[in-house]
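# Topology and contacts: notes
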Amino acid sequence: MVYMFLKRYVVGPLINAAFRPEVHGLEHVPGEGPAILASNHLSVSDSVFMPVAVPRQVFFLAKSDYFNSPGVKGRIMAVFFRAINQIPMDRSGGRASAKSLSNGGRKLAEGELLGIYPEGTRSPDGRMYKGKIGVARLALETGAPVVPVAMVGTDKVQPLGARLPLPRRSARVATIFGEPLDFSRYQGRQGEHALLREVTDEIMHAIQALSGQVRVDVYAAEHKKHLMEQHRQETKQAAVEFVDSAKDRARTAAHSAKHAADSLTHRDRPAATDDDASRPTAP
């Protein structure tokens, strides 16, 4: 109710007027029945532009942080996401993640559209990272078709760190839907890890064919950890170099001060004269 109201009368008109996003391949999204919309993930605004493009409601697996953040702001955010029927996704792995996927599976069993980002998190640099096998597990568990989706330009209107998307003349935003992938022949085999990996890779290849991104065979979360560690090491090295430089400047300043003091002492000392030299000394 809240979702469709916002989509039709608030968010949709605003997005279409401000950004004029392009939509391609919408005919590949079924008008009824379950389907998994598997998309690349460039920006927070992906979860705005894609639903605006689809006439039906899209249920997203949203990270659990949106539902359990502390404080008044956190409670308001949780109420909003529940109001628009988004599904908490625990990304810690193990049973918690499996339970989240099962919640998504129930929505598919009810004939709904489920949106998922197989990369698990936003791309830090615009490249496409290795997909997690949850999307394949859902497809094989439910038999629902997988529609590959490419988001284009959302990282330009809302880069990492930006609070809101802003229109930019040079940025073209587009949502591209590809032909559905049918994995129903594998239904019930979601326990076979090798098959899950194969299906996931096929889905990621289909998304990449639409988006044109460069693919990277590592998980985005792992790459982000690497970048954070690299940044930490660079910050640490910069701090060491700053301290060493400060010490060098202090030593140089101390040496200059000592040299200046010695020069003043030498200048103020009375000079010896010929009379002083000829004056007899006391016995």
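Residues numbered from 1 in each chain as written. Predicted model: local features only at pLDDT ≥ 70, side-chain atom pairs only at ≥ 80, totals over all residues. Heavy atoms only, no water.

## Some remarks on the overall build of the chain
As a reminder, the rule being used: In DSSP terms, a helix is any run of H or I states spanning at least four residues, a strand is any run of E spanning at least two, and both are numbered starting from the N terminus. In this description, contact between two residues means that some pair of their heavy atoms is separated by no more than 4.5 Å. Working definition of accessibility: Shrake-Rupley area with a 1.4 Å probe, residue cover restricted to the visible protein chains.
Counting its secondary structure elements, the chain contains ten helices and seven strands. Counting contacts in the chain only where the partners sit at least 6 residues apart, residues at least 24 apart contribute 78% of the total. A total accessible area of about 16,800 Å² is found for the chain, and carbon and sulfur atoms account for 57% of it.

## Some words on the pattern of salt bridges
Quick reminder of the rule: Take a side-chain nitrogen of Lys or Arg and a carboxyl oxygen of Asp or Glu: if they are within 4 Å of each other, that pair is a salt bridge. Residue burial is assigned from relative accessible area. The probe radius is 1.4 Å, only protein chains are included, and a residue is buried under 20% of its type maximum, exposed over 50%, and partly exposed in between.
The final tally for this structure, using the stated rule, is seven salt bridges. Close ionic contact of Glu110 with Lys107 constitutes a salt bridge, the shortest N to O distance being 3.4 Å. Its salt-bridge partner being Arg189, residue Glu192 comes within 2.9 Å of it at the nearest N-O pair. Under the relative-accessibility criterion, Glu192 is labelled partly exposed at 36%.

## Overview of a nonpolar patch on the surface
The criterion, for reference: Residues enter patches when their relative accessible area tops 30% and they take part in no salt bridge; the joining distance is 9 Å for like charges and 5 Å for the nonpolar side chains Val, Leu, Ile, Met, Phe, Trp and Tyr.
A cluster of nonpolar side chains, namely Phe5, Tyr9 and Val10, defines an oily patch on the protein surface of about 340 Å² accessible area. For Phe5, a relative accessible area of 47% corresponds to the partly exposed category.

## Quick look at the packing of aromatic side chains
Which entries qualify depends on this criterion: Note on ring pairs: Phe, Tyr and Trp rings are taken, using the six-membered ring of Trp, and paired if centres are within 6.5 Å. Classes follow the plane angle, with under 30 degrees stacked, over 60 edge-to-face and the rest tilted.
Tallied over the entire structure, the rule returns three aromatic pairs. Aromatic pair Phe5 and Tyr9: ring centres 5.5 Å apart, planes at 50 degrees, arrangement tilted. Taken together, the residues span about one helical turn, with Phe5 and Tyr9 both in helix H1 (residues 2-19) at a distance of four residues. Residues Phe60 and Tyr117 carry aromatic rings whose centres are separated by 5.7 Å and whose planes lie at 20 degrees to one another, so their mutual orientation is stacked. Remark: Tyr117 occurs in the loop between strand E5 (113-116) and helix H6 (134-142) and Phe60 occurs in strand E3 (residues 58-63); sequence separation between them is 57 residues. Owing to a relative accessible area of 12%, Tyr117 belongs among the buried residues under this scheme.

## Regarding the nonpolar core
Quick reminder of the rule: Residues grouped as a nonpolar core are buried Ala, Val, Leu, Ile, Met, Phe, Trp, Tyr and Cys residues, joined through side-chain atoms within 4.5 Å.
Ranked by internal contacts, the top residues of the largest apolar core, which has 29 residues, are Ile36, Phe183 and Ile203. Broken down by secondary-structure element, the contributors of at least two residues to this core are strand E2 (35-39), E3, strand E4 (87-89), helix H5 (94-109), E5, H6 and helix H8 (193-211). The element that contributes the greatest number of residues to this core is H8, accounting for seven residues. Residue contacts for Ile36: discarding those within four places in its chain leaves Leu108, Leu114, Ile116, Val135, Leu138, Ala139, Ala144, Pro145, Val146 and Val147. Counting 27 residues, the second largest nonpolar core, distinct from the first, contains Val29, Leu37, Ala53 and Ala62.

## Comments concerning the side chain of Thr200
Tracing the sequence through the fold places Thr200 in helix H8. Thr200 gets classed as buried once you look at its relative accessible area, which sits at 0%. The residues contacting Thr200, other than those within four sequence positions of it, are Gly131, Lys132, Ile133, Val135 and Ala136.

## Side note on the packing of H6 against H8
Stated formally: Only the stretch in contact is used when a helix axis is fitted, and all axes are lines through C-alpha atoms; the angle between N-to-C directions ranges over 0 to 180 degrees. Small angles under 35 degrees read as roughly parallel and large ones over 145 as roughly antiparallel, with 65 to 115 read as roughly perpendicular and the rest as oblique.
H8 packs onto H6 with a crossing angle of 105 degrees between their chain directions and a minimal axis gap of 8 Å. In terms of their interaxial angle, H6 and H8 are classed as roughly perpendicular. Along its contact with H6, which presents Val135, Ala136, Arg137 and Leu140, the element H8 presents Leu195, Leu196, Val199, Thr200 and Ile203.

## Comments concerning H6
Regarding H6, the residues found buried are Gly134, Val135, Ala136, Leu138, Ala139 and Leu140. Immediately downstream of H6, the backbone of Gly143 shows phi near 80 degrees, a positive value.

## Brief notes about unusual backbone geometry
For Arg20, which is not glycine, the phi dihedral falls at a positive 45 degrees. Topologically, Arg20 is positioned in the loop between H1 and strand E1 (22-24). Overall, the relative accessible area of 67% leaves Arg20 in the exposed class.

## As for the environment of Ala18
Structurally, Ala18 is set in helix H1. Spatially, the C-alpha atoms of Ala18 and Pro165 are 10.0 Å apart, while their sequence positions differ by 147 residues.

## Topic: the packing of H1 against helix H2 (residues 46-53)
Formally: Each residue gets one label: Ala, Val, Leu, Ile, Met, Phe, Trp, Tyr, Cys and Pro are nonpolar, Asp, Glu, Lys and Arg are charged, and the others, such as Gly, are polar.
One can describe the packing of H1 onto H2 by two numbers: an axis separation of 10 Å at closest approach and a directional angle of 105 degrees. With respect to H2, the element H1 is oriented roughly perpendicular. Across the interface between the two elements, Tyr3, Lys7, Val11, Gly12, Ile15, Asn16 and Phe19 from H1 touch Val48, Phe49, Pro51 and Val52 from H2. For the contact of H1 with H2, the residue count by class is eight nonpolar, two polar and one charged.

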